[in-house]
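These are the residues of each chain, in order.
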Amino acid sequence: MDKNEKVIRQYQEDEKRMVLIFAQWCVNHQLDPFTVYGEAYPTQMNNYILKEVIDWTVNASESDTIDTELVIQILQAYGNDDLAMVVSEKSQEMKRE
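For the structure given in this document, a descriptive report is provided here. (Residues numbered from 1 in each chain as written. Predicted model: local features only at pLDDT ≥ 70, side-chain atom pairs only at ≥ 80, totals over all residues. Heavy atoms only, no water.)

## Let's talk about the overall build of the protein
Logical step 1: Scanning the protein from N- to C-terminus turns up five helices and zero strands.
Logical step 2: Shown N-terminal to C-terminal, the secondary structure of the protein runs as helices and strands in the order α-α-α-α-α.
Logical step 3: Relative to the globule expectation of 13 Å for 97 residues, the C-alpha radius of gyration of the protein, 14 Å, shows essentially globular dimensions.
Logical step 4: When its C-alpha atoms are laid out on the principal axes, the protein stretches across 50 × 30 × 25 Å.
Logical step 5: Of the contacts made within the protein by residues no fewer than 6 positions apart, 69% connect residues no fewer than 24 positions apart.
Logical step 6: When the accessible surface of the protein is split by element, carbon and sulfur atoms take 48% of a total near 6,500 Å².
Logical step 7: Side chains of the protein carry 9 positive and 18 negative charges; the gap between the two charge centres is 5 Å. (Helix = DSSP H or I, 4+ residues; strand = E, 2+ residues; numbered from the N terminus. Rg over C-alpha atoms; globule rule 2.2 N^0.38 Å. Contact = heavy atoms within 4.5 Å. Areas by Shrake-Rupley, 256 points an atom, 1.4 Å probe, with all protein chains shown as cover. Lys, Arg positive; Asp, Glu negative; His and termini not counted. Charge placed at Lys NZ, Arg CZ, Asp CG, Glu CD.)

## Digging into the layout of surface pockets
Logical step 1: Counted as a void, the largest pocket has a volume near 190 Å³.
Logical step 2: Glu-15, Val-19, Tyr-37, Asn-47 and Ile-49 are the residues nearest the centre of the largest pocket, which is lined by 14 residues in total.
Logical step 3: Here the lining of the largest pocket takes four residues from helix α1 (residues 3–28), the largest share from any one element. (1 Å grid on protein atoms, 1.4 Å probe; cavity = no way out; pocket = protein on both sides within 12 Å on 5 of 7 lines; lining within 4 Å. Points joined across faces, edges and corners; volume = space filled by probe spheres on them.)

## Some points on the packing of helix α4 (residues 68–77) against helix α5 (residues 81–96)
The angle between the axes and the distance between the axes are what describe a pair of packed helices.
Logical step 1: Direction vectors running N to C along α4 and α5 enclose 165°, while the axes themselves pass 8 Å from each other. In this view, α4 runs roughly antiparallel relative to α5, as classed from their interaxial angle. Remark: the crossing between α4 and α5 carries left-handed chirality. Where α4 approaches α5, its residues Thr-68, Val-71, Ile-72, Leu-75 and Gln-76 are matched on the opposing element by Asp-81, Leu-83, Ala-84, Val-87, Ser-88 and Ser-91. (Axes fitted to C-alpha atoms, helices over the stretch in contact; angles between N-to-C directions. Parallel < 35°, antiparallel > 145°, perpendicular 65-115°, else oblique. Left-handed = near helix turned anticlockwise from the far one by under 90°.)

## Overview of the environment of Arg-17
Logical step 1: Tracing the backbone through its elements, the reader meets Arg-17 in helix α1.
Logical step 2: Residues Arg-17 and Asp-32 lie 15 residues apart in sequence; the distance between their C-alpha atoms is 18 Å.

## Thoughts on α4
Logical step 1: Among all positions in α4, only Thr-68, Val-71, Ile-72, Ile-74 and Leu-75 are buried. Burial along α4 is one-sided: seen end-on, the buried residues are contained in an arc of 165°.
Logical step 2: Here the buried face of α4 lies against α1 and α5.
Logical step 3: In the segment just after α4, Gly-79 is the residue with positive phi, at about 80°. (Buried < 20%, exposed > 50% of the residue type's maximum accessible area, 1.4 Å probe, protein only. Arc of directions from axis to C-beta.)

## Let's talk about unusual backbone geometry
Logical step 1: At Gln-30, a position not held by glycine, the phi torsion is positive, near 55°.
Logical step 2: Looking at the secondary structure, you find Gln-30 in the loop between α1 and α2 (33–40).
Logical step 3: Residue class for Gln-30 comes out exposed when judged on its relative accessible area of 65%.

## A closer look at the packing of α1 against α4
Logical step 1: Close contact between α1 and α4 brings their axes to 10 Å; oriented N to C, the two are set at 145°. Considering only the axes of α1 and α4, their crossing is left-handed. Across the interface between the two elements, Met-18, Ile-21, Phe-22 and Trp-25 of α1 pack against Thr-68, Val-71, Ile-74 and Leu-75 of α4.
Logical step 2: Each residue belonging to the contact of α1 with α4 can be placed in one class, and the counts come to seven nonpolar, one polar and no charged. (Nonpolar A, V, L, I, M, F, W, Y, C, P; charged D, E, K, R; others polar.)

See the structure below:
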């Protein structure tokens, strides 16, 4: 495997971790990750990475707390600004409830 392939593979693995963190945050807050994702990207409802990692999530009672600001920062680092905005909005809605 050459250096470029390693870099690509590492990016893909990191991207999966990012999606898993987002999905687990949703589960922890009783939100459907697919619905939240769809609010940010309505034309991309079939996110294959989200479908792959959803089985890796655990019940909220089994999960560590995931800080909302961390989720937002991770999403923004991967260029998912729209999704970060939806996560922020959901967080604000939960605080008001």
